[in-house]
Amino acid sequence: MHIAPHDNQNKPIVDAEHDLVPLNYFNIVKLRRGEVFEYAVPGYETCVVPATGTVDIDVEGAIYPDLGNRTEDVWDGEPEGVYVPVGAKVRITCKTDVTETFIAGAKYDKVLEPFDVRADALDVVQYGSDDTKTHRKIKHILGANHHDKVGRLLVSELYTVGEGGWSGFPSHKHDTDRLPDETRHDETYNFRFKPNYGSGVQMLQREDNQPGDAYHIMDGSTVLIDKGYHPCAVLPGYQMYYFTILGGLSQRSLKQYFQPTHAEQLHTIPGIMDMVAKFK
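Described in the following lines is the structure provided in the data block.

Rules behind the numbers
- Residues numbered from 1 in each chain as written.
- Predicted model: local features only at pLDDT ≥ 70, side-chain atom pairs only at ≥ 80, totals over all residues.
- Heavy atoms only, no water.
- Pairing = 2+ DSSP bridges.
- Helix = DSSP H or I, 4+ residues; strand = E, 2+ residues; numbered from the N terminus.
- Axes fitted to C-alpha atoms, helices over the stretch in contact; angles between N-to-C directions.
- Buried < 20%, exposed > 50% of the residue type's maximum accessible area, 1.4 Å probe, protein only.
- Phe/Tyr/Trp six-rings, centres within 6.5 Å; stacked < 30°, edge-to-face > 60°.
- Lys NZ or Arg CZ within 6 Å of the ring centre and 35° of its normal.

1. A look at the sheet that holds strand S17 (residues 199-204)
Overall, antiparallel pairing links the four strands, which are arranged S13-S20-S17-S18 in an open sheet. Of all the strands in the sheet, the pair left with one neighbour each is strand S13 (165-167) and strand S18 (213-218). Neighbouring strand axes in the sheet, compared pairwise and without regard to direction, differ in orientation by 25 degrees on average. In this sheet, strand S20 (residues 232-234) lies alongside S13 in antiparallel orientation, the contact comprising three bridges. Directly across from Trp166, in S20, lies its bridge partner Ala233.

Spelled out as structure tokens, the structure:
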């Protein structure tokens, strides 16, 4: 499902118990200096990540000041985040002229402890190549480094390296719990392009070798992945970024199932297995 760019007025784009991706929660909050936004999501653990600007975060008295260092766009610096336990009350205060802040969530039933992830604690992996048109970098905010501190939520930022090319290839899916081959993880993306008038395409093929759907994605597009193989591409001459939320049904570690038709491409893309290993 594609949700076109729009002013969500600080209301959830993907609310709790969404029909397609009930394991995910997603909001974009825009504030001006001194403004405050408060929220709590019962039944969901969340992560607060400024896309741009700087905020102070208060998680029921646990204070995380000066979160976020990016000014122009998501390419301007490294991401930072604060993990928020299930149902906790959060207060976000804008410290710069403006801020745009992502709130990512996953369904979970246990209350853990809050913590922050600063730029120097990111888990970064780069893989692919210019030759295969698959060169990209992934910055895990809640990745393998925090496996013992988080319930079911995985949060990352993905960047194409260079201009043009594919991401999420070889095509894979994760819509069925059937270990050891695959896990059920709902997934939500929010896309950005540089320059911001760039665009791309999100494919969604629900069965191998059967026609699927394709969505024209633009700066600010949100895509919900409930089932199927889902590679995406950016037009030549543009860079692409997407904020990624994964929520598991029964475990946190993601087990991707690669599309049989294209599975041989696993041997052509440098570093692909390192990427797979980091989604835990």
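Now that the structure has been shown, the text picks up again.
2. So, unusual backbone geometry
Across the junction of Phe169 and Pro170, the peptide omega takes the value 5 degrees, indicating a cis bond. Relative to the helices and strands, Pro170 resides in the loop between S13 and strand S14 (172-173). In this model, Leu179 is joined to Pro180 through a cis peptide bond whose omega is 10 degrees. Of note, Pro180 is situated in the loop between strand S15 (175-178) and strand S16 (182-194). With phi around 55 degrees, Gln9 is a residue other than glycine that occupies positive phi space. One can find Gln9 in the loop between strand S1 (2-3) and strand S2 (24-32).

3. Topic: the environment of Ser253
Relative to the assigned elements, Ser253 resides in the loop between strand S21 (239-248) and strand S22 (257-258). For Ser253, a relative accessible area of 22% puts it in the partly exposed group.

4. So, the pairing of strand S12 (residues 153-160)
Summarising burial for S12: eight of the eight residues are buried, a large majority. Looking at chain direction, strand S11 (residues 136-142) and S12 are connected through six bridges and run antiparallel. Paired with Lys137 across the two strands is Tyr159, which belongs to S12. Pairing of S12 with S21, which is carried by seven bridges, proceeds in the antiparallel orientation. Paired with Leu154 across the strands is Leu246, a residue of S21.

5. Observations concerning the packing of aromatic side chains
Remark: the centre distance and the inter-plane angle together describe each pair of aromatic rings, the angle taken between the planes. Within the structure shown, the criterion is met by 14 aromatic pairs. Centroid distance Trp75 to Tyr241: 6.1 Å. Interplanar angle 55 degrees. Geometry classified as tilted. In this pair, Trp75 is assigned in the loop between strand S5 (62-70) and strand S6 (81-84) and Tyr241 in strand S21, connecting sequence segments 166 residues apart. Among the aromatic residues, ring-to-ring pairing joins Tyr189, Phe191, Phe193 and Tyr242 into one connected group. Lying over the aromatic face of Tyr159, Lys139 brings its terminal NZ or CZ to 4.7 Å of the ring centre. Sitting over the ring of Phe115, Lys149 keeps its end group 4.0 Å from the ring centre.

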